[in-house]
Amino acid sequence: MSDIRLEIKGLEEIQKKLKKEAILQPFNDGIKKITLALQREISVATSVDTGRLRDSITPNLIEERGISKGIIRTNVIYAPFVEYGTKKMEARHVIEGSSVKVKGKGMFAFGLEKVKEKMAKFIADIGIAIEQRWN
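By convention here, each chain's residues receive numbers from 1 onward along its written sequence. Predicted model: local features are reported for residues with pLDDT of at least 70 only, side-chain atom pairs are reported and counted for 80 or more only, and whole-chain, interface and lining totals are derived from all residues. Hydrogens and water are ignored here; the side-chain numbers use all heavy atoms of the structure.

A. Focus on the overall build of the chain. Across its full length, the chain carries five helices and four strands. Helix and strand assignments follow DSSP, with helices taken as H or I runs no shorter than four residues and strands as E runs no shorter than two, numbered in order from the N terminus. Along the chain direction, N to C, the helices and strands of the chain fall in the order α-α-α-β-β-α-β-β-α. For the chain, contacts bridging at least 24 residues in sequence account for 54% of all contacts bridging at least 6. Only carbon and sulfur atoms are counted for the fraction: they give 56% of the accessible area of the chain, which is about 9,900 Å². Should any heavy atoms of two residues lie within 4.5 Å, those residues are considered in contact. Computed by Shrake-Rupley with a 1.4 Å probe, the accessible areas treat only the displayed protein chains as cover when residues are assessed.

B. A look at the side chain of Ser 47. For Ser 47, the location among the structural elements is in the loop between α2 (20-45) and α3 (52-56). When accessible area is computed with a 1.4 Å probe and restricted to protein chains, residues below 20% of their type maximum are described as buried, those above 50% as exposed, and intermediate ones as partly exposed. Looking at Ser 47, the relative accessible area reads 13%, which means it is buried. Setting aside residues up to four positions removed in sequence, Ser 47 forms contacts with Val 82, Arg 92, Val 94 and Lys 101.

C. Region of the structure containing the pairing of strand β1 (residues 58-64). Strands are labelled as partners when DSSP assigns at least two bridges between them. Relative to strand β2 (residues 67-73), β1 runs antiparallel, the two being bridged by seven bridges. When the bridges of β2 are listed, Leu 61 appears paired with Gly 70. Hairpin connection, β1 to β2: the antiparallel pair is bridged by two residues, and Arg 65 has positive phi, about 55°.

D. Summary view of the confidence of the model for the chain. Mean pLDDT over the chain: 86, with 87% of residues reaching 70 or higher. Between the elements of the chain, mean pLDDT differs from a low of 68, seen in helix α1 (residues 11-17), to a high of 95, seen in α3. What pLDDT conveys is the predictor's confidence in a given residue, as a value from 0 to 100.

E. Representation of the pattern of salt bridges within the structure. Take a side-chain nitrogen of Lys or Arg and a carboxyl oxygen of Asp or Glu: if they are within 4 Å of each other, that pair is a salt bridge. Under the defined criterion, the tally for this structure stands at eight salt bridges. A salt bridge links Glu 41 to Lys 118, with the shortest nitrogen-to-oxygen separation between them at 2.8 Å. Taken together, the residues span a long stretch of sequence, with Glu 41 in helix α2 and Lys 118 in helix α5 (residues 107-134) at a distance of 77 residues. According to the relative accessible area criterion, Glu 41 is buried, its value standing at 7%. Judged by relative accessible area, Lys 118 falls into the partly exposed class, the value being 38%. Salt-bridge contacts for Lys 105 lead to Glu 113; the nearest nitrogen and oxygen are separated by 2.6 Å.

Next up, the structure:
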């Protein structure tokens with residue numbers, strides 16, 4: 001009876017590269033980048049009277065089981081009124097470099113729309129970062 005022997009060269013190296021850190025670190029860095037970009041877009045789109053609302057828009061990164069989540073929040077009580085409008089006032093945002101208030105869409109919705117336009121690039125950057133860890 002003959003023996004069959006199988007040897008996989010470089011198996012230990014592949015196993016090291018498949019560790020969670022090799023993938024999670026670039027992924028979490030990408031989530032941080034997306035979160036900060038969203039916070040910037042929302043802040044820029046926030047109409048300003050006193051600056052209190054704009055200054056209160058803060059990013060927060062939460063890690064659960066090694067995976068990051070990005071949250072943008074504000075603690076200003078009137079933020080929902082600016083975002084969604086009221087019976088007497090439409091939702092509003094401003095375009096970067098302008099002080100003209102654009103009605104119909106709040107700063108969070110508008111900021112999210114702007115970041116969605118860039119999402120393919122963000123995802124590609126995460127993929128490139130993961131790929132670089134393999135080299």
